[in-house]
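Chain by chain, the residues:
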Amino acid sequence: MRIRITVHKYRPEVGGTELMAEMMATAMATKGHDVEVVTLRTGTTEYEERFLVPREPPGSGPADAYRVRRLDYIGGPVRLPVGYWRVLDEPTDVLHVFGNRIWNSDLFLPVARRLQYPKVLTGQNFYQLHMNPNLVNRLYAQRYFPRMAKAVDAYVVQTVAEREQFRRFGFEGRIELIPHTVDVSEFSLDEELGRRFRAARGLDGESVLLTSGGYAPNKRMDRVIEAVALAKSRWHLLITGADWRGHPYDLEHCRALAARRGVRVSFLGEGSPVAREEVVRAFLACDVYAQGSSYEGYGGAVQEAMTVRKPFVAFETGAIGEFASAGAGFSVGSTQEFAQRLDELAGSENLRRSMGEAGRNDVLRHRSKVVVMDLYDRLFRELDGVSPAG
């Protein structure tokens, strides 16, 4: 099959959506499909590039490959890619689109009905609606988007809550529940890597609490700091991720809050992105993972912690309730409850271990790259040759 994937950004830029798109591209190429990724050209990246996907185990055969096509764009408040509609008019067997309120989906929806091939849209919930529920964002999410999404052959949600929400918004088309995924092979279980990380930062003998994702307005690192201050147990907090300056929860405010509340904290990267390998080692080094987010479409960082057998405490959002139901950690509704759960985990190594095992088992059974990409592959094959919606 020919599979076209559109995503707003791609390597060398790396985030949750970019990793998901890369896992989809590599998995589909490995399964024998002819895959191309369409994205924006940033920096000095090539307009077209071919990525090799080594066979597993190494040496078992020639590498598979897929193509990335990068489009120039007109700058401004809205990025307008040059030639995107021409690309969409090119034949393919199935199109997959990531996101909403982003150029690749917003410019896809108005022409979707005339595209003569099956179309799949993974909307990834509604960040703008949850963070700024003004009239425009409500009309977009609750009226415009569900109506326009009728032009796709399958709409993919990543959580049960997202599915229920989209039905409430009036969408009557086909919905598939396929979770966000994680590449288990990226996360070593070598405890020595975690010990080296601790030793290099003077964390030996400390109870280490990790939170990642940066200082975006929804990440609410301040809530984690407040919970640590309220806890009776002693924690050394690690925070990693990029700074978003100028709002009440940015790095400057979090630094001041930690000093005022007497919380021991290390700001890894000091507001600059940390190398992915270093983030993985931080996961291995921590005892518990924390998430203060007021909104997450899914909660991929918590899932990564589960992958390396780390229990979590997180505010209820995205898939957190599903993770907690699997026994992987605690879903909470207040900083006071957050602190209580931290104390509970600090006081029981057996609880930390059992929750960690439950989390990894849940990932392996339902959320790993192998499982999730098999679900997408089955969906794409099912739609191949089907008369497209429109």
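Every value quoted in this text rests on a predicted model; they were computed, and no experiment measured them. (Residues numbered from 1 in each chain as written. Predicted model: local features only at pLDDT ≥ 70, side-chain atom pairs only at ≥ 80, totals over all residues. Heavy atoms only, no water.)

1. Quick word on the sheet that holds strand 15 (residues 312-315)
Keep this limit in mind: Each pair of strands is called paired provided DSSP finds at least two bridges between the two strands. A run of H or I in DSSP counts as a helix once it spans at least four residues, and a run of E counts as a strand once it spans at least two, with each numbered from the N terminus. Axes, fitted as lines to C-alpha atoms, cover a helix only where it is in contact. Angles between the N-to-C directions of the axes lie from 0 to 180 degrees.
With respect to topology, 6 strands assemble into an open sheet ordered 13-12-11-14-15-16, the strand pairing being parallel. One side of each edge strand has no neighbouring strand; the edge strands of this open sheet are strand 13 (264-268) and strand 16 (329-332). Across the sheet, the mean angle separating the axes of adjacent strands is 20° when strand polarity is ignored. As paired strands, strand 11 (residues 208-212) and strand 12 (residues 236-240) are joined by 5 bridges and run parallel to one another. Within strand 12, the position partnered with Val208 by the bridge is His236.

2. Here's the deal with the side chain of His96
In plain terms, the rule: Relative accessibility thresholds used throughout: buried, under 20% of the residue-type maximum; exposed, over 50%; partly exposed, between the two (1.4 Å probe, protein chains only). Contacts: residue pairs with any heavy atoms within 4.5 Å of one another.
Mapped onto the elements, His96 comes out in strand 7 (residues 94-98). For His96, a relative accessible area of 0% corresponds to the buried category. Those residues in contact with His96 that lie beyond four places of it in its chain are Arg4, Ile5, Thr6, Met24, Val120, Thr122, Tyr376 and Phe380.

3. Comments concerning the packing of aromatic side chains
Centre-to-centre distance and the angle between the planes together describe a pair of aromatic rings. What counts is decided by this rule: Side-chain rings of Phe, Tyr and Trp (the six-membered ring for Trp) are treated as a pair once their centres are within 6.5 Å; stacked means planes under 30 degrees apart, edge-to-face means over 60, and tilted covers the remaining angles. Placement of a positive charge over a ring is assigned whenever Lys NZ or Arg CZ falls within 6 Å of the ring centre and within 35 degrees of the normal to the ring plane.
If you walk through the whole model with that rule in mind, you get 20 aromatic pairs. Aromatic side chains Tyr84 and Trp103 sit 4.9 Å apart centroid to centroid with 75° between the ring planes, which places their arrangement in the edge-to-face category. Pair noted here: Tyr84 is in helix 2 (residues 84-89) and Trp103 is in helix 3 (residues 103-106), with a separation of 19 residues, a long-range link. Comparing Tyr84 with Trp103, the two get one shared label, buried. A ring pair is formed by Phe145 and Tyr155, whose centres lie 6.0 Å apart and whose planes are at 75°; its orientation type is edge-to-face. Residue Phe145 is found in helix 5 (residues 135-148), and its partner Tyr155 is found in strand 9 (residues 154-157); the two are separated by 10 residues along the sequence. Residue classification places Tyr155 among the buried positions, given a relative accessible area of 0%. Here the aromatic cluster, defined as three or more aromatic residues joined through ring pairs, consists of Phe126, Tyr140, Tyr144, Phe145, Tyr155, Phe166, Phe169 and Phe171. Stacked on the ring of Phe197, the Lys or Arg Arg201 has its end atom at 4.0 Å from the ring centre. A cation sits over an aromatic face here: Arg220 above Tyr249, 3.9 Å from the ring centre.

4. Here's the deal with the pairing of strand 2 (residues 34-40)
The buried fraction of strand 2 amounts to 6 of the 7 residues, a majority that puts the element mostly inside the structure. Sheet analysis places strand 1 (residues 2-6) next to strand 2, joined by 5 bridges and oriented parallel. When the sheet's bridge partners are listed, Ile5 is paired in strand 2 with Val37. Pairing of strand 2 with strand 4 (residues 64-71), which is carried by 5 bridges, proceeds in the parallel orientation. By the bridge assignment for strand 4, Glu36 is matched with Arg67.

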